[in-house]
Amino acid sequence: MTYAVKFTDVWKRYPRGWSEGEQPRYASLRYDLARLWRRQGGTRQPQGTEALKGLSFEVEEGASLALIGPNGAGKSTALKLVSRISFPTKGEVRVRGRVAALIEVGSGVHPELTGRENIWLYGQILGLTKSEIRERFDQIVAFAGLEPAIDAPVKFFSSGMQLRLGFSIASHLSPDVFVVDEALAVGDAAFQARCVDRMRSLVNDGHTLIFVSHSLSAVRDLCREAILLDRGRLVSSGNAEQVLETYTDMLHEGSISGSNRPEPIQVKRLQVRGAVDGAPLSTGSPVTLLLEIDSAIDAPGVMIDVGLADRYHTFLATLSTQSSGRRTDLLAGRSSLSCHIPALPFLPGEYEVFFEVQNPRTGAYVAKQSYVGTIVVSDGPSWRRSELAYGSVSGRGPIDVPFEMTLHRADGRDH
Amino acid sequence: MDSQRRKSELVLAGTPSRKLWRSLRELWDYRDTIAAFAERDIRVKYKQAVLGIAWAVIQPMAFMAIFTLTLGHLANVPTGEVPYAAFSLSALVVWTFVSNSVSFGANALLADAAMIRRVYFPREVPVLGSVGSALVDLAIGLTPFFLLAPFLGAHVTAWWLLAPFLIPFLVLVALSVAIPLAGLNVYYRDFRFALPFGVQLWLFASPVAYPLASVPEKWKTLYLVVNPAAGIIDSYTRVLAYGVAPNPAYLAFSLLGSLVIGALGYLLFKRLEPTFADVI
């Protein structure tokens, strides 16, 4: 196999912006002239922020690779290098074939022009030929769901429609390498689902995909391989499932990009009590989560949240003191928070418990979100007790929804 | 699409290629994109204007009226055997193109900052698009000139047929100034403030309000060397107003001057280009 994209010891330094020991810089001729003057005789200090520090990796043709990592890891910078928008400071980036970015593109759409004109002109600017646009015009309109409004100026579109239009044009390019940066935040759930489908079909057609997302479930859904970045360096690479696991482990340990300052409010212990002490948890049974909290500060009028997530950091539910409507004061010293769930709605599997304290008015964190433990649901409803059901919990969704299901023949002749 | 197409390999490393020839060849590959930018600019420009494309005509006409009144009648600027109005209109139609190209071209990258941050194309493409849209304005502005000029006293001769062939010279002058300014504008917004002011100074440093013949002989060479627009604007007034052949020497000054400035400016632009997306 040959590579589609290859990074060899790539460094990227952003020339402006914040750098250590210096004020944030704005571009001005006066500033640069003054600096030029002062530099006389002195040595030139490298300036700016380093986004990538010697990154090397290779993406094979037809592969689907995810770049994951915390904010500031250098994921978007790497994508910009692949799509030629930005240039490496040092090292070498090789790209074989045409690249198209499915970066959030809505802002490139011109508000004064109609949807039709935008597809035509913006499509050409993005790299479609005229005949390609003619061929795909109806698809683009249908994909964006804009049929009735296509001849109205885009400024009369809702912001969601504008974004959908931009994304739709970009997603009908057919490059060799496809680069996607958090584009899934665009539009409503139905449109997002269409985007994921579109990306999946591009991968199936043999296009190379490089995907950046904070949605780990989307990554798992679309990518077979992944690369974990932290502060511009490669931490782990390989099979997507394994890399995701490494990432969630690191998030739990707090070894990634967090400050090492101890939090003033900490959870010392998580106790999980089922219906019967010591017995394994089962779907539909009552559960009590007991959190022992140590606080170094008085935190009056706060909101304490206990979040439940699946193994991949996707939140499923948040249980909050806010729901009681009563004022919550967390005082210095030891407190214990009891959280009772009368009927656990999760199917068998592992679920993670997160804890955070927020100011309910400003949303500011009093205690940042932290992982406090895992609960294991090991017994499910009888109909899910087959091997098949256990083996594919993630594929069938984790929530136990009470339901009745019947099948009727259309002509009314039931069996 | 053409999946059989041989995949070209792109290498980004060290310093980007600053070879003029390679940049120009890449630009040729992007000609459709340039046309798309130009088309968009034209559509946007006249979309909400009630008078629409009439603005392309109004601008030089209004200046002609003011210049004729002040410089032609009050200051009595000599324009030889054609009336001042005919002279200044022919110069202004051409000048409007230069001034529009430079004003819009120099701001083209900032206007499309959102796209620069997200999509790759050679960064001079939007600048060329702006010049392209100004070219359409020039074509629109020239039509009423041809209708009106005989009544203003311009000499209609076969030399009028030369007018379209001088356009490449004009485009070269506009590009040689617009491209480096567009690049510097990304780095230093100072240029944005200096630009309208600079364009106005340039107008008075060009033979638009007065004929080149009225520049003292001993300053003429310097005048032509410093301002590459001078030679081509003079050629246009000769052809369109006086109905005589352009002076090849002046035209050569213009061509050489804009080639030198253009080549240096383009190299500067290409040098700045790799970091545009990082700083814009």
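Please read all numbers here as calculations on a predicted model, not as lab measurements. In every chain, residue numbers begin from 1 and rise along the written sequence. Each chain takes a letter, starting from A, and each ligand takes a number, starting from 1, following the order in which they are written. Two thresholds apply to this predicted model, a pLDDT of at least 70 for residue-level local features and 80 or more for giving and counting side-chain atom pairs, whereas whole-chain, interface and lining totals are computed over all residues. The side-chain numbers reported here are obtained from all heavy atoms of the structure, hydrogens and water having been left aside.

Focus: the overall build of chain A
Now for step 1: Counting secondary structure elements, chain A contains 10 helices and 17 strands.
Now for step 2: Working rule for contacts: check all heavy atoms of both residues, and any pair within 4.5 Å makes them a contact. Long-range contacts, defined as pairs at least 24 residues apart, comprise 71% of the intrachain contacts of chain A with a sequence gap of at least 6.
Now for step 3: Accessible surface is estimated by sampling points in the Shrake-Rupley manner with a 1.4 Å probe; for residues, cover comes only from the protein chains shown. On chain A, roughly 20900 Å² of surface is accessible, and the fraction owed to carbon and sulfur atoms is 51%. Going along the chain from the N terminus, every DSSP run of H or I of four or more residues is numbered as a helix, and every run of E of two or more is numbered as a strand.

Considering the environment of Arg-334 of chain A
All names here are of chain A.
Now for step 1: Tracing the backbone shows Arg-334 in strand β15 (residues 333-341).
Now for step 2: Arg-334 gets classed as exposed once you look at its relative accessible area, which sits at 53%.
Now for step 3: When residues no more than four places from it in sequence are discounted, the contact partners of Arg-334 are Lys-268, Glu-292, Ile-293 and Asp-294.
Now for step 4: Any pair of N or O atoms that falls within 3.5 Å is considered a polar contact. Within protein, one atom must be able to donate a hydrogen and the other to accept it, and sequence-neighbouring residues count only if both atoms are side-chain atoms. Of the polar contacts made by the side chain of Arg-334, one reaches the side chain of Asp-294; its length is 3.0 Å. Between buried and exposed lies partly exposed: a residue is buried under 20% and exposed over 50% of the maximum accessible area for its type, with that area taken using a 1.4 Å probe on protein chains only.

Some thoughts on the environment of Gly-129 of chain B
Residue and element names in this part refer to chain B.
Now for step 1: On the secondary structure map, Gly-129 appears in helix α6 (residues 125-152).
Now for step 2: Using a relative accessible area of 0% as the deciding quantity, one classes Gly-129 as buried.
Now for step 3: For the pair Gly-129 and Ala-65, spaced 64 residues apart in sequence, the C-alpha separation works out to 30 Å.
Now for step 4: For Gly-129, the contacting residues outside a window of four places in its chain are Ile-34, Phe-37, Ala-38 and Asp-41.

Topic: the nonpolar core
Soluble, globular proteins show a tendency: their nonpolar side chains are buried together.
Now for step 1: In this description, a nonpolar core means a group of buried Ala, Val, Leu, Ile, Met, Phe, Trp, Tyr and Cys residues linked to one another through side-chain atoms lying within 4.5 Å. Ranked by internal contacts, the top residues of the largest apolar core, which has 135 residues, are Ile-68, Ile-119 and Phe-211 of chain A together with Trp-95, Phe-97 and Leu-109 of chain B.
Now for step 2: Discounting residues that sit within four places of it in the chain, Ile-68 of chain A has contacts with Lys-75, Ser-213, Leu-216, Val-219, Ile-227, Leu-228, Leu-229, Val-243, Leu-244 and Tyr-247 of chain A.
Now for step 3: Among the nonpolar cores identified, the runner-up in size contains 27 residues, and Val-10, Leu-65, Ala-73 and Leu-79 of chain A belong to it.

Points about the packing of aromatic side chains
Residue and element names in this part refer to chain B.
Now for step 1: Ring geometry is summarised as follows: Phe, Tyr and Trp rings, the Trp one being its six-membered ring, pair when their centres sit within 6.5 Å, and such pairs are stacked at plane angles under 30 degrees, edge-to-face over 60 and tilted between the two. Overall, the coordinates contain 15 aromatic pairs over all chains when judged by the stated rule.
Now for step 2: Seen from their ring centres, Tyr-30 and Tyr-120 are 6.3 Å apart, and the 80° between their planes marks the pair as edge-to-face. Of the two residues, Tyr-30 sits in the loop between α1 (20-29) and α2 (31-47) while Tyr-120 sits in the loop between α5 (113-116) and α6, which places them 90 residues apart along the sequence.
Now for step 3: Taking the relative accessible area as the measure of exposure, Tyr-120 reaches 18% and is therefore buried.
Now for step 4: Ring centres 6.1 Å apart and planes at 55° place the aromatic pair Tyr-84 and Phe-87 in the tilted group. Taken together, the residues span about one helical turn, with Tyr-84 and Phe-87 both in helix α4 (residues 84-111) at a distance of three residues. As far as burial versus exposure is concerned, Tyr-84 and Phe-87 are alike and both buried.
Now for step 5: An aromatic cluster is present here, built from Tyr-187, Tyr-188, Phe-269 and Phe-276 joined pairwise through their rings.
Now for step 6: Should the NZ of a Lys or the CZ of an Arg lie within 6 Å of a ring centre and within 35 degrees of the ring normal, that charge is described as sitting over the ring. Against the face of Trp-28 rests Arg-31, its NZ or CZ located 4.3 Å from the ring centre.
Now for step 7: One Lys or Arg, Lys-45, reaches over the ring of Phe-104 and ends 5.0 Å from the middle of that ring.

Re a nonpolar patch on the surface
Now for step 1: Distance thresholds for patches are 9 Å for like charges and 5 Å for nonpolar side chains (Val, Leu, Ile, Met, Phe, Trp, Tyr), applied to residues having over 30% relative accessible area and no salt bridge. We define a salt bridge as a contact between a side-chain nitrogen of Lys or Arg and a carboxyl oxygen of Asp or Glu at a distance within 4 Å. Taken together, the side chains of Ile-399, Val-401, Phe-403 and Met-405 of chain A make up a nonpolar region of the molecular surface, amounting to roughly 440 Å² of accessible area.
Now for step 2: Mapped onto the elements, Met-405 of chain A comes out in the segment after α10 (393-396).

Regarding empty space enclosed by the protein
Now for step 1: Using a 1 Å grid laid over the protein atoms alone, points where a 1.4 Å probe fits but cannot get out form a cavity; open sets with protein on both sides within 12 Å along at least 5 of 7 lines form a pocket; any residue with an atom within 4 Å of a point counts as lining. Grid points are joined across faces, edges and corners, and a volume is the space filled by probe spheres set on the points. Considering all chains together, one arrives at two cavities of 30 Å³ or more under this definition.
Now for step 2: The space that makes up the largest cavity amounts to roughly 60 Å³.
Now for step 3: In terms of lining residues, the largest cavity is bounded by Ala-56, Pro-60, Val-93, Thr-96, Phe-97, Asn-100, Ala-134, Asp-137, Leu-138 and Gly-141 of chain B.
Now for step 4: Where the lining of the largest cavity is concerned, the elements lending two or more residues are α3 (55-74), α4 and α6 of chain B.
Now for step 5: Each residue is assigned to one class: nonpolar for Ala, Val, Leu, Ile, Met, Phe, Trp, Tyr, Cys and Pro, charged for Asp, Glu, Lys and Arg, and polar for all the others, Gly among them. For the lining of the largest cavity, the residue count by class is six nonpolar, three polar and one charged.
Now for step 6: Empty space within the second largest cavity amounts to approximately 40 Å³.
Now for step 7: Together, Gly-108, His-110, Leu-113, Asn-118, Leu-121, Tyr-122 and Ile-125 of chain A together with Arg-40 and Met-115 of chain B line the second largest cavity.

A short note on the pattern of salt bridges
A pair can form between side chains of opposite charge whenever their charged atoms are brought close.
Now for step 1: Counted under the stated rule, the structure contains 23 salt bridges over all chains.
Now for step 2: A salt bridge links Asp-294 of chain A to Arg-334 of chain A, with the shortest nitrogen-to-oxygen separation between them at 3.0 Å. Taken together, the residues Asp-294 of chain A in strand β12 (residues 287-295) and Arg-334 of chain A in strand β15 connect sequence positions 40 residues apart.
Now for step 3: Its salt-bridge partner being Asp-234 of chain B, residue Arg-238 of chain B comes within 2.9 Å of it at the nearest N-O pair. Highlighted residues: Arg-238 of chain B and Asp-234 of chain B, both in helix α10 (residues 228-242), separated by four residues, approximately one helical turn.

Regarding α3 of chain B
Residue and element names in this part refer to chain B.
Now for step 1: The first and last C-alpha atoms of α3 sit 27 Å apart over 20 residues, in line with the 28 Å expected at 1.5 Å per residue.
Now for step 2: For α3, the full list of buried residues reads Ala-56, Val-57, Pro-60, Met-64, Phe-67, Thr-68 and Gly-72.
Now for step 3: Buried residues along α3 sit against α2, α4, α6 and α8 (190-204).
Now for step 4: Asn-76, located one to two residues past α3, shows a positive phi value of around 55°. In a helix, the anticipated span is given by 1.5 Å times the number of residues less one.

Concerning the pairing of strand β1 (residues 3-14) of chain A
Residues and elements named next belong to chain A.
Now for step 1: In the sheet, β1 pairs with strand β2 (residues 49-60) via eight bridges, with the strands oriented antiparallel. If you follow Val-5 over to β2, its bridge partner there is Val-59.
Now for step 2: Think of it this way: DSSP has to see at least two bridges between two strands before they count as a pair. Two elements, β1 and strand β4 (residues 90-96), share five bridges in a ladder whose sense is antiparallel. Each bridged residue has a counterpart across the sheet, and for Trp-11 the counterpart in β4 is Lys-90.

With respect to the sheet that holds strand β10 (residues 265-273) of chain A
Residue and element names in this part refer to chain A.
Now for step 1: Spatially, β10-β12-β15 is the arrangement adopted by the three strands of the open sheet, whose pairing is antiparallel. Two strands close off the open sheet at either side, each with one partner strand: β10 and β15. Strand-to-strand twist of the sheet, defined as the mean angle between neighbouring strand axes without regard to direction, takes the value 20°.
Now for step 2: Note that β10 and β12 share eight bridges and pair antiparallel. Bridge assignment links Arg-269 to a residue of β12, and that residue is Glu-292. Axis geometry follows a simple rule: fit a line to the C-alpha atoms, using only the stretch in contact for helices, then measure angles between N-to-C directions, giving values from 0 to 180 degrees.

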